[in-house]
Amino acid sequence: MFAPDDIIIQADIHIVDIQPVISRRFELPGNLNLAQLHEVIQASFEWTDSHLHQFDIGGLTYGAPEFDEGDWSDRRTFEASDVRLCDFATYGPAPLIIFYEYDFGDSWMHVIELTLKAKEPGVKYPRCVAGSRRAPPEDVGGPSGYFDFLEAWHDTRHQDHKDMRRWAGRTFNPERFNLDVNNKAIAKAIRHSKGSYRFRFEP
């Protein structure tokens, strides 16, 4: 059994069906719960938290149960803020694989590999230690829609080039990744989440 304060978990995450890969490597405290992990992912990938999400761990679904009353799924959703990463920390030599889906329309599926590592003195967690590329814009249409978007975004002769550049905004760059900016966004998200989701639906 691990003491939560003694555990650091390395989380390697990437978005499925996107090439070149869009990835992040996080170092996370063991007492981080899944709602907070959601906030870390949202901040790091620059998602806007404007769609539903869920974690799939061992066939069980974790997330915000208040959104579980629609007919989109017959699976029970367990409260994400009740489950900490250390609750899964019986990792062997192979990493523990979990899945995170964001936006059930675009269906951005993220694969997360969790491994244990030594805690470094004087380091503030959670933090991002590496990454590649910016995440796609919201509502671009999933991996296939993003492929079409990039084709138009890069090709000045494409009929939709100007529209796509305008729609994505002047600051959008699919290859951009800034580690310092990323970690500032993560720290802000964790500070505002106060141990759970920043935004909850109140019936």
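In what follows, the structure referred to is the one given above.
## Brief notes about the side chain of aspartate 103
Take aspartate 103: it is sitting in the loop between strand 6 (96–102) and strand 7 (108–117). Despite its burial, aspartate 103 remains without a salt bridge, the nearest opposite charge being carried by arginine 134 at 15 Å. Within polar-contact distance, the side chain of aspartate 103 engages the backbone nitrogen of glycine 105 at 3.0 Å. Reaching out from aspartate 103, the side chain makes a polar contact with the backbone nitrogen of aspartate 106 at a distance of 3.2 Å. Here aspartate 103 is in contact with His51, Leu52, Trp108 and Asp139, once residues within four sequence places are set aside.

## A word on the side chain of arginine 133
Structurally, arginine 133 is set in the loop between strand 8 (127–132) and helix 2 (142–154). Here arginine 133 falls in the buried class, since its relative accessible area comes to 7%. The residues contacting arginine 133, other than those within four sequence positions of it, are Ile18, Gln19, Pro20, Val21, Ile22, Arg24, Tyr146, Leu150, Pro174, Glu175, Arg176 and Phe177.

## Brief notes about the packing of aromatic side chains
This structure, assessed with the given rule, holds 9 aromatic pairs. Measuring from ring centre to ring centre gives 4.9 Å for phenylalanine 55 and tyrosine 100, while their planes differ by 50°; the resulting arrangement is tilted. Remark: tyrosine 100 occurs in strand 6 and phenylalanine 55 occurs in strand 3 (residues 53–57); sequence separation between them is 45 residues. Tyrosine 100 gets classed as buried once you look at its relative accessible area, which sits at 0%. Taking 6.0 Å as the distance between ring centres and 85° as the angle between the ring planes, the aromatic pair formed by tryptophan 153 and phenylalanine 172 counts as edge-to-face. Placement of the pair is tryptophan 153 in helix 2 and phenylalanine 172 in the loop between helix 3 (161–168) and helix 4 (179–193), with a sequence separation of 19 residues. Assigned by exposure class, tryptophan 153 and phenylalanine 172 land together as buried.

## As for the environment of valine 83
Of note, valine 83 is situated in the loop between strand 5 (77–79) and strand 6. If sequence neighbours within four positions are ignored, valine 83 has contacts with Leu32, Asn33, Leu34, Tyr62 and Phe88.

## Regarding the pairing of strand 1 (residues 8–15)
For strand 1, the buried fraction is high: 7 of the 8 residues fall into the buried class. Of the strand pairs in this sheet, strand 1 and strand 2 (residues 23–29) are connected by 7 bridges, and their pairing is antiparallel. Following the sheet pairing, aspartate 12 is matched in strand 2 by arginine 25. Pairing geometry for strand 1 and strand 7, over 8 bridges, is antiparallel. Across the sheet, the residue bridging to isoleucine 9 is leucine 116, located in strand 7.

## Description of the packing of helix 2 against helix 3
Across the interface, helix 2 lies against helix 3 with an axial gap of 7 Å and an inter-helix angle of 110°. Looking at the two axes, helix 2 sits roughly perpendicular to helix 3. Counted together, Phe149, Ala152, Trp153 and His154 of helix 2 and His161, Met164, Arg165, Trp167 and Ala168 of helix 3 form the full contact between these two elements. Residues belonging to the contact of helix 2 with helix 3 are distributed by class as follows: 6 nonpolar, 2 polar and 1 charged.

## What to know about the pattern of salt bridges
In this structure the tally under the stated criterion is 11 salt bridges. Between arginine 176 and glutamate 46 there is a salt bridge, and its shortest N-O distance comes to 3.4 Å. Residue arginine 176 is found in the loop between helix 3 and helix 4, and its partner glutamate 46 is found in the loop between helix 1 (34–45) and strand 3; the two are separated by 130 residues along the sequence. Between glutamate 175 and arginine 133 there is a salt bridge, and its shortest N-O distance comes to 3.1 Å. Taken as a pair, glutamate 175 in the loop between helix 3 and helix 4 and arginine 133 in the loop between strand 8 and helix 2 lie far apart in primary sequence, 42 residues in all. On the accessibility criterion, glutamate 175 (46% relative accessible area) is partly exposed. Taken together, the shared-partner salt bridges in this structure form one network comprising Glu27, Lys117, Glu120 and Arg127.

About the criteria used
Residues numbered from 1 in each chain as written. Predicted model: local features only at pLDDT ≥ 70, side-chain atom pairs only at ≥ 80, totals over all residues. Heavy atoms only, no water. Helix = DSSP H or I, 4+ residues; strand = E, 2+ residues; numbered from the N terminus. Buried < 20%, exposed > 50% of the residue type's maximum accessible area, 1.4 Å probe, protein only. Lys, Arg positive; Asp, Glu negative; His and termini not counted. Salt bridge = Lys/Arg side-chain N within 4 Å of Asp/Glu carboxyl O. Polar contact = N/O pair within 3.5 Å; in protein donor to acceptor, adjacent residues only side chain to side chain. Contact = heavy atoms within 4.5 Å. Phe/Tyr/Trp six-rings, centres within 6.5 Å; stacked < 30°, edge-to-face > 60°. Pairing = 2+ DSSP bridges. Axes fitted to C-alpha atoms, helices over the stretch in contact; angles between N-to-C directions. Parallel < 35°, antiparallel > 145°, perpendicular 65-115°, else oblique. Nonpolar A, V, L, I, M, F, W, Y, C, P; charged D, E, K, R; others polar.

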